[in-house]
Amino acid sequence: MKQKWQLWIGGKWREAKTYEPLFNPHTNEELTQIGQAEPADAVEAVVEAHVAFQNFRTFPAHARAKILARAATIMEERSEEYAKIISLESAKTIRNAREEINRTVQTYRFAAEAAKNNYGEQIPMDAAEGGEKRFGFTIRTPIGVVTAITPFNFPFNLVAHKVGPAIAAGNSIVLKPAEQTPLSALALAEIFKEAGLPDGVLNIIPGKGDVLSEVLTSHPHVKKVTFTGSVEVGHIIQQQAGFRKLTLELGSNSPFIIDEGVDIDKVIDRSVLGSFSNNGQVCISIQRIYIHQSLYKQFLERFVSRTKQLVVGPPLDEKTNITAVISKKSLDRLKTWLDEAVQEGAKIECGGNVEGNVLYPTVLTNVNRDSKVFRFEVFGPIVCIFPFGTLDEAIKDANDSRYGLNSGVMTPSIERAFYVAERLETGGVIVNDIPTYRNDNMPYGGWKDSGVGREGVKYAMNEMMEQKFISFKTGD
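About the criteria used
Residues numbered from 1 in each chain as written. Predicted model: local features only at pLDDT ≥ 70, side-chain atom pairs only at ≥ 80, totals over all residues. Heavy atoms only, no water. Helix = DSSP H or I, 4+ residues; strand = E, 2+ residues; numbered from the N terminus. Buried < 20%, exposed > 50% of the residue type's maximum accessible area, 1.4 Å probe, protein only. Contact = heavy atoms within 4.5 Å. Pairing = 2+ DSSP bridges. Patch = residues over 30% accessible without salt bridge, like charges linked within 9 Å, V, L, I, M, F, W, Y side chains within 5 Å. Areas by Shrake-Rupley, 256 points an atom, 1.4 Å probe, with all protein chains shown as cover. Salt bridge = Lys/Arg side-chain N within 4 Å of Asp/Glu carboxyl O. Core = buried A, V, L, I, M, F, W, Y, C linked by side-chain atoms within 4.5 Å. Disulfide = S-S within 2.5 Å. Axes fitted to C-alpha atoms, helices over the stretch in contact; angles between N-to-C directions. Expected span 1.5 Å × (residues − 1). Arc of directions from axis to C-beta. Polar contact = N/O pair within 3.5 Å; in protein donor to acceptor, adjacent residues only side chain to side chain. Phe/Tyr/Trp six-rings, centres within 6.5 Å; stacked < 30°, edge-to-face > 60°. Lys NZ or Arg CZ within 6 Å of the ring centre and 35° of its normal.

Peer 1: Would you mind going over the environment of Ile 191 with me for this structure?
Peer 2: By the secondary structure assignment, Ile 191 is in helix H6 (residues 182-195). For Ile 191, a relative accessible area of 0% gives the class buried. Here the alpha-carbon distance between Ile 191 and Ala 71, two residues 120 residues apart in the chain, equals 5.9 Å. The contacts of Ile 191, once residues within four sequence positions are left out, are Ala 71, Ile 74, Met 75 and Tyr 82.

Shown next, in the form of structure tokens:
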């Protein structure tokens with residue numbers, strides 16, 4: 001690994017004025033030095049992107065598709081190298097890191113396909129009086145410079161959900177990766193260079209969000225901002241961006257409803273996976289499980305037993321399930337919230353102990369609805385389990401949240417499945433599986449404080465384009 005990483009601007013590595021160490025969250029070992037962009041660097045990156053866009057916007061769809069397809073192939077061929085980067089900088093288990101790289105390859109291939117499927121529509125002008133002898137249609141055109149601010153938890157794939165659609169649409173992009181996981185983003189510089197992307201179309205500037213956000217959200221050349229992160233930062237970006245197009249993928253505390261009549265044996269492993277995969281640091285991680293009272297005792301016993309079997313260990317060990325959370329700051333917050341929940345009446349069924357930067361997977365019952373672990377996004381290995389008597393009770397409790405990203409319902413009844421799905425206040429409802437399920441081509445986004453706009457390659461691409469209406473008069 002390089003001793004230090006510079007900024008990637010205009011298709012070249014650029015020296016930064018300052019560098020900061022990047023540490024492995026699990027071992028606290030220093031990995032490398034990362035260049036820290038300053039506002040002037042961000043301005044330069046935006047200007048380079050704007051200049052590159054003037055040419056790239058004319059690239060035919062097949063050329064953009066080939067670049068994206070080549071990038072996917074390069075990544076696939078070096079998948080183990082990139083998986084290890086994820087594990088080293090984020091402490092994600094190597095197995096989960098490999099899964100992320102596989103999804104990332106698929107995401108760029110979806111983007112390559114989407115580049116060739118950019119359709120408008122014909123408008124029936126003669127449906128209105130005075131529309132005779134007129135022909136109307138819409139086209140979608142690239143918007144310009146897109147700025148992307150990405151999180152740490154899926155440092156390759158969530159970047160791909162912004163970079164892929166931007167390139168597919170014919171835009172240029174300035175990427176600011178999460179401070180904890182810049183290496184995954186910086187790896188894209190050489191991938192896309194080799195894939196044939198013109199200089200300046202992709203610019204990568206690691207640095208601190210509060211230092212760079214004003215330029216990235218309000219520079220005159222910036223036409224679209226796409227951000228994944230916290231609600232609080234999302235509100236700041238919304239205020240800074242003004243009338244620019246925005247996609248905000250913000251917080252969540254996903255509910256999972258398990259109805260009466262469900263076979264518990266078929267739901268335990270998926271429930272544990274959805275609660276503790278990537279140490280619960282997933283936007284749609286299960287945070288609240290609602291289980292019918294007829295199954296509650298049996299489910300709780302088996303869920304706790306299975307949780308205790310999860311292996312805590314180093315990220316590169318093939319057997320590891322649980323590792324360190326992303327930072328000491330995150331660990332301290334989780335421990336504080338957990339202690340407060342217990343003081344407010346919650347019972348720890350298992351876990352709750354800390355070892356190094358690891359919080360053991362924690363199962364809570366009897367949680368007060370005003371506790372932070374219920375009200376806010378935990379983003380850690382903590383799950384709350386509640387019994388319910390009727391589906392209406394479960395739906396009401398699930399909707400008692402400022403968030404609304406994904407939810408899940410498990411039921412043997414198609415009628416009850418539709419009943420719950422229609423009433424849950426979330427952007428996505430996953431029936432007969434956990435809310436943590438996501439395909440990279442499905443529409444993905446939230447209601448309420450979970451954000452605005454939609455991702456999923458085709459949907460993100462559409463939001464990175466402008467729709468133009470064109471009408472021809474064909475006669476007198």
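Peer 1: Quick question: what am I supposed to make of the pairing of strand S5 (residues 30-36) here?
Peer 2: Consecutive side chains of a regular strand alternate in pointing toward one face of the sheet and then the other. With 5 of 7 residues buried, S5 is to be regarded as a mostly interior element. Sheet analysis places strand S1 (residues 4-5) next to S5, joined by 2 bridges and oriented parallel. Looking across to S5, one finds that Trp 5 is bridged to Ile 34. When strand S4 (residues 18-23) meets S5, the two strands line up antiparallel, connected through 6 bridges. By the bridge assignment for S5, Tyr 19 is matched with Gly 35. Here S4 hands over to S5 after 6 residues, with Asn 28 in that stretch at a positive phi of 65°.

Peer 1: Explain a nonpolar patch on the surface here, please?
Peer 2: A contiguous nonpolar surface patch, about 210 Å² in accessible area, is contributed by Val 43, Val 47 and Val 51. Position of Val 43 relative to the elements: it lies in helix H1 (residues 39-56). With a relative accessible area of 31%, Val 43 lands in the partly exposed category.

Peer 1: Teacher, can you tell me more about the side chain of Thr 365 here?
Peer 2: Looking at where Thr 365 falls in the secondary structure, it is placed in strand S18 (residues 362-365). Among the residues examined, Thr 365 registers a relative accessible area of 4% and is labelled buried. Once residues within four sequence positions are removed from consideration, Thr 365 is found in contact with Tyr 296, Leu 300, Ala 346, Lys 347, Glu 349 and Ile 385.

Peer 1: What is the right way to read the nonpolar core from this model?
Peer 2: Generally speaking, soluble globular proteins have nonpolar side chains that are buried together. Counting 57 residues, the largest nonpolar core has Met 75, Tyr 108, Val 163, Leu 188, Phe 192 and Ile 204 as its most contacted members. Excluding its chain neighbours within four sequence positions, the residues that come into contact with Tyr 108 are Leu 68, Ala 72, Met 75, Val 159, Ala 160, Val 163, Gly 164, Leu 188 and Phe 192.

Peer 1: I'm lost on the state of the cysteines in this one. Help?
Peer 2: The bond known as a disulfide is covalent and runs between the sulfur atoms of two cysteines. Per the stated rule, a full pass over the model turns up 0 disulfides. The thiol sulfur of Cys 350 is not disulfide-bonded, and the nearest other cysteine sulfur, from Cys 384, lies at 12 Å.

Peer 1: How do you make sense of the sheet that holds S5 when you look at a structure like this?
Peer 2: Backbone hydrogen bonds are what pair the strands of a sheet, in a parallel or an antiparallel way. Pairing is mixed across the open sheet formed by 3 strands, whose spatial order is S1-S5-S4. Each edge of the open sheet is held by one strand with a lone partner, namely S1 and S4. Where H6 meets the sheet, it contacts S1, S4 and S5, and its direction lies at approximately 65° from that of S5.

Peer 1: Help me understand the sheet that holds S18, please; the structure alone is not making it clear to me.
Peer 2: A sheet is described by the order of its strands in space; here 7 strands give the open sequence S15-S18-S19-S14-S13-S21-S22, paired in mixed fashion. The open sheet has two free edges, formed respectively by strand S15 (347-350) and strand S22 (428-431), since each of these has just one partner strand. For this sheet the average axis-to-axis angle between neighbouring strands, irrespective of direction, equals 25°. In this structure, strand S14 (residues 286-292) lies alongside strand S19 (residues 382-388), joined through 5 bridges in parallel fashion. Directly across from Ile 289, in S19, lies its bridge partner Ile 385. Lying over the sheet, helix H9 (residues 268-276) contacts strand S13 (254-258), S14, S18 and S19, oriented at roughly 150° with respect to S14.

Peer 1: Honestly, helix H10 (residues 296-308) in this entry has me stumped. Any pointers?
Peer 2: Side chains of residues three or four places apart in an α-helix project in the same direction, reflecting 3.6 residues per turn. Its 13 residues give H10 an end-to-end C-alpha distance of 18 Å, which sits within 8% of 18 Å, the value for a rise of 1.5 Å per residue. All buried positions along H10 are accounted for by Tyr 296, Phe 299, Leu 300, Phe 303, Val 304 and Thr 307. One side of H10 carries all its buried residues, which in axial view fall inside an arc of 125°. Facing away from the buried side of H10 by over 90 degrees, the exposed positions are Lys 297 and Lys 308. In the core, the buried residues of H10 are packed alongside S13, H9, S14, S15, S18 and S19.

Peer 1: I'm lost on the pattern of salt bridges in this one. Help?
Peer 2: A side chain of one charge can pair with a side chain of the opposite charge when the charged atoms of the two come close. According to the stated counting rule, one finds 29 salt bridges in the structure shown. In this structure, Glu 38 engages Lys 17 in a salt bridge whose closest nitrogen and oxygen atoms are separated by 4.0 Å. Of this pair, Glu 38 sits in the loop between S5 and H1 while Lys 17 sits in the loop between strand S3 (12-14) and S4, and the two are 21 residues apart along the sequence. A salt bridge links Arg 402 to Glu 232; the nearest nitrogen and oxygen atoms lie 4.0 Å apart. With Arg 402 in the loop between helix H13 (391-399) and strand S20 (403-404) and Glu 232 in helix H8 (residues 231-241), this pair connects stretches of sequence that are 170 residues apart. Residue Arg 402 is classed as partly exposed on the basis of its relative accessible area of 26%. When its relative accessible area of 48% is taken as the criterion, Glu 232 is described as partly exposed. In the salt-bridge network here, residues are joined through shared partners; they are Arg 14, Glu 44 and Glu 48.

Peer 1: When you look at the side chain of Thr 411 in this model, what are you seeing that I'm missing?
Peer 2: Position of Thr 411 among the secondary structure elements: in the loop between strand S21 (406-410) and helix H14 (414-423). With relative accessibility at 6%, the residue Thr 411 sits in the buried group. A distance of 2.8 Å separates polar atoms of two side chains, one belonging to Thr 411 and the other to Asp 259. Ignoring sequence-local partners within four residues, the contact set of Thr 411 consists of Asp 259, Val 262, Arg 416, Ala 417 and Asn 432.

Peer 1: In this structure, what is going on with the packing of aromatic side chains? I would like to understand it.
Peer 2: Two numbers describe a pair of aromatic rings. These are the distance of the centres and the angle of the planes. This structure, assessed with the given rule, holds 13 aromatic pairs. For the pair Phe 276 and Phe 303, a centre-to-centre distance of 6.2 Å together with 45° between the ring planes defines the contact as tilted. Remark: Phe 303 occurs in helix H10 and Phe 276 occurs in helix H9; sequence separation between them is 27 residues. Across the pair, Phe 303 and Phe 276 agree in class, each one buried. What links up through ring pairs into an aromatic cluster is the set Trp 5, Trp 8 and Trp 13. The ring of Tyr 444 carries Arg 438 above its face, with NZ or CZ at 3.7 Å from the centroid.

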